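Residue-level listing of the chains:
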Protein chains: 2
Amino acid sequence: MLLKRTLLLSATLAVLSSGIALADMKPEDAIKTRQAGYMFMGWNMAKIKAMAVDNSEDFDTKKMQAAANAIAAIANSGMGALYMPGTEKDIGNVKTRAKAEIFTDKEGVKEVAVKFIQAANEMQKVAQGDDVFAIADQFKKLGSSCKACHDKYRKE
Amino acid sequence: MLLKRTLLLSATLAVLSSGIALADMKPEDAIKTRQAGYMFMGWNMAKIKAMAVDNSEDFDTKKMQAAANAIAAIANSGMGALYMPGTEKDIGNVKTRAKAEIFTDKEGVKEVAVKFIQAANEMQKVAQGDDVFAIADQFKKLGSSCKACHDKYRKE
């Protein structure tokens, strides 16, 4: 009887506690964190562009790989969780450009998200080599996958 | 003669152009980007803590690896470049908690940076397995390496 109660309690606690880390997060922090992820990816996109597209920076294999690694790791970090309830609108000074549709159009969001993650993973792979044309080509594909989401789900 | 001039021009352009991507960056954007990196790492540290230390979230191997990958990739992305001249002080609404010493104490900064990157790389390695105690142990070591820098170079 005591064991049964203990097991039931454990199971209930497990259900209740799964996601507490996220539940603990304030909506304004979720907005800031997703924006931080995009901003940090943007910085690394700029590095790839400078080295492989604009040639305004010397090509550096390690720097290129590090930039692509950062983008891929952030892309794969489960940022969808940061679009939690309560993050649909500005919260005080914390502004969001997310359109209402990103919180409702699950299928459409999944489609752009999967394409983006695939492009980021491919970018990471291509960056392991030193074929600057392949890198530039994949950079453009990755950029398009970013834009596909911005066009559909981000306010101007 | 024409060839000589062209070669000289190319070399001069190469010297001038190396680092333009960074030179193009506004100091306020460099401050925001480094803060974005720390914030995004913090979110992923919280996920590892919830799964391996507090047990407030169910252990999930993929989520754990993704969190450790994000931290390691950001740690290895060359964030030192974001401490560029002009980023020592607040710029309008863009506040920085960086102490003056982080811009001058090169040896000391290198020491904490190397230890932090090593701890983040080890965290990434340990997260490939499912030894939750090893993960919790490495999480604490990684946290200490963050704190070592905060204590020395960040204003309260």
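Residues numbered from 1 in each chain as written. Chains lettered and ligands numbered in written order. Predicted model: local features only at pLDDT ≥ 70, side-chain atom pairs only at ≥ 80, totals over all residues. Heavy atoms only, no water.

Trainee: So what exactly am I meant to see when it comes to the packing of aromatic side chains here?
Mentor: All names here are of chain A. One pass over the structure, following the stated rule, counts 4 aromatic pairs over all chains. Judged by centre distance (5.3 Å) and plane angle (65 degrees), the ring pair of F40 and W43 falls under edge-to-face. Of the two residues, F40 and W43 both sit in helix α3 (residues 27-53), 3 residues apart, roughly one turn of that helix. The residues F40 and W43 share a single accessibility class, namely buried. Consider the rings of Y83 and F103, whose centres lie 5.9 Å apart with planes at 55 degrees: the pair is tilted. Of the two residues, Y83 is situated in the loop between α4 (61-75) and α5 (106-126) and F103 in the loop between α4 and α5; the sequence distance between them amounts to 20 residues. For Y83, a relative accessible area of 19% gives the class buried. (Phe/Tyr/Trp six-rings, centres within 6.5 Å; stacked < 30°, edge-to-face > 60°. Helix = DSSP H or I, 4+ residues; strand = E, 2+ residues; numbered from the N terminus. Buried < 20%, exposed > 50% of the residue type's maximum accessible area, 1.4 Å probe, protein only.)

Trainee: Explain the state of the cysteines here, please?
Mentor: Simply put, disulfide is the name for a covalent bond between the sulfur atoms of two cysteines. Residue and element names in this part refer to chain A. Under the counting rule described, the total for this entry stands at 0 disulfides over all chains. The thiol of C149 is unpaired, and the distance to the nearest cysteine sulfur, on C146, comes to 8.6 Å. The exposure class assigned to C149 is partly exposed, which follows from its relative accessible area of 23%. (Disulfide = S-S within 2.5 Å.)

Trainee: Which parts of the structure should I look at to understand the pattern of salt bridges?
Mentor: Oppositely charged side chains are able to pair whenever their charged atoms sit close together. Residues and elements named next belong to chain B. Evaluated as defined, the whole model comprises 14 salt bridges over all chains. Measuring nitrogen to oxygen at the nearest pair gives 4.0 Å for the salt bridge that ties D29 to K32. Note that D29 and K32 are positioned in helix α3 (residues 27-53) at a spacing of 3 residues, about one turn of the helix. The class of D29 is partly exposed, set by a relative accessible area of 25%. The partner of K141 in a salt bridge is D137, and the shortest N-O contact between them spans 3.2 Å. Here D137 and K141 lie together in helix α6 (residues 132-153), a separation of 4 residues that amounts to about one turn. According to the relative accessible area criterion, K141 is partly exposed, its value standing at 48%. (Salt bridge = Lys/Arg side-chain N within 4 Å of Asp/Glu carboxyl O.)

Trainee: Teacher, can you tell me more about helix α5 (residues 106-126) of chain B here?
Mentor: Two residues of an α-helix separated by three or four positions point the same way, owing to the 3.6 residues in each turn. The end-to-end C-alpha separation of α5(B) is 30 Å, in line with the 30 Å expected for 21 residues at 1.5 Å each. Lining the buried residues of α5(B) we find α3, α4 (61-75) and α6 of chain B. (Expected span 1.5 Å × (residues − 1). Contact = heavy atoms within 4.5 Å.)

Trainee: Where do I start with the environment of B:R97 in this structure?
Mentor: Residue and element names in this part refer to chain B. Residue position: R97 is located in the loop between α4 and α5. We classify R97 as partly exposed; its relative accessible area is 39%. Setting aside residues up to four positions removed in sequence, R97 forms contacts with Y153, R154, K155 and E156.

Trainee: Explain the side chain of A:T33 to me, please; I cannot follow it from the model alone.
Mentor: You can see A:T33 is positioned in helix α3. The exposure class assigned to A:T33 is buried, which follows from its relative accessible area of 2%. From its side chain, A:T33 meets the backbone oxygen of A:D29 in a polar contact 2.6 Å long. Beyond its immediate chain neighbours, meaning those up to four positions away, A:T33 contacts A:M25, A:L82, B:M39, B:F40 and B:W43. (Polar contact = N/O pair within 3.5 Å; in protein donor to acceptor, adjacent residues only side chain to side chain.)

Trainee: Can you help me understand the side chain of A:T96 in this one?
Mentor: All names here are of chain A. Inspection of the secondary structure puts T96 in the loop between α4 and α5. At a separation of 2.9 Å, a polar atom in the side chain of T96 contacts the side chain of R34. Those residues in contact with T96, other than ones at most four positions away along the chain, are I31, R34, Q35, T87, E88, K89, D90 and K155.

Trainee: Help me understand the packing of α3(A) against α4(A), please; the structure alone is not making it clear to me.
Mentor: Helix packing geometry: the angle between the two helix axes and the distance between the axes. Residue and element names in this part refer to chain A. Following both chains from N to C, one finds α3 and α4 inclined at 150 degrees, their axes separated by 9 Å at the closest point. In this view, α3 runs roughly antiparallel relative to α4, as classed from their interaxial angle. Where α3 crosses over α4, the handedness of that crossing is left-handed. Where α3 approaches α4, its residues G37, F40, M41, N44, M45, K47, I48, M51 and A52 are matched on the opposing element by K63, M64, A67, A68, A70, I71, I74 and A75. Grouping the amino acids of the contact of α3 with α4 by side-chain chemistry returns 13 nonpolar, 2 polar and 2 charged. (Axes fitted to C-alpha atoms, helices over the stretch in contact; angles between N-to-C directions. Parallel < 35°, antiparallel > 145°, perpendicular 65-115°, else oblique. Left-handed = near helix turned anticlockwise from the far one by under 90°. Nonpolar A, V, L, I, M, F, W, Y, C, P; charged D, E, K, R; others polar.)

Trainee: When you look at the nonpolar core in this model, what are you seeing that I'm missing?
Mentor: Across soluble globular proteins, nonpolar side chains have a tendency to be buried as a group. With 54 residues, the main nonpolar core has A:I48, A:L142, B:I48 and B:L142 as its most contacted residues. Listed by contribution, the elements that provide at least two residues to this core are α3, α4, α5 and α6 (132-153) of chain A together with α3, α4, α5 and α6 of chain B. With residues up to four places along the chain from it excluded, the contact list for A:L142 reads A:M45, A:I71, A:F116, A:A119, A:A120 and A:M123. Core analysis: the second largest hydrophobic core is formed by 6 residues, B:Y83, B:I102, B:F103 and B:Y153 among them. (Core = buried A, V, L, I, M, F, W, Y, C linked by side-chain atoms within 4.5 Å.)

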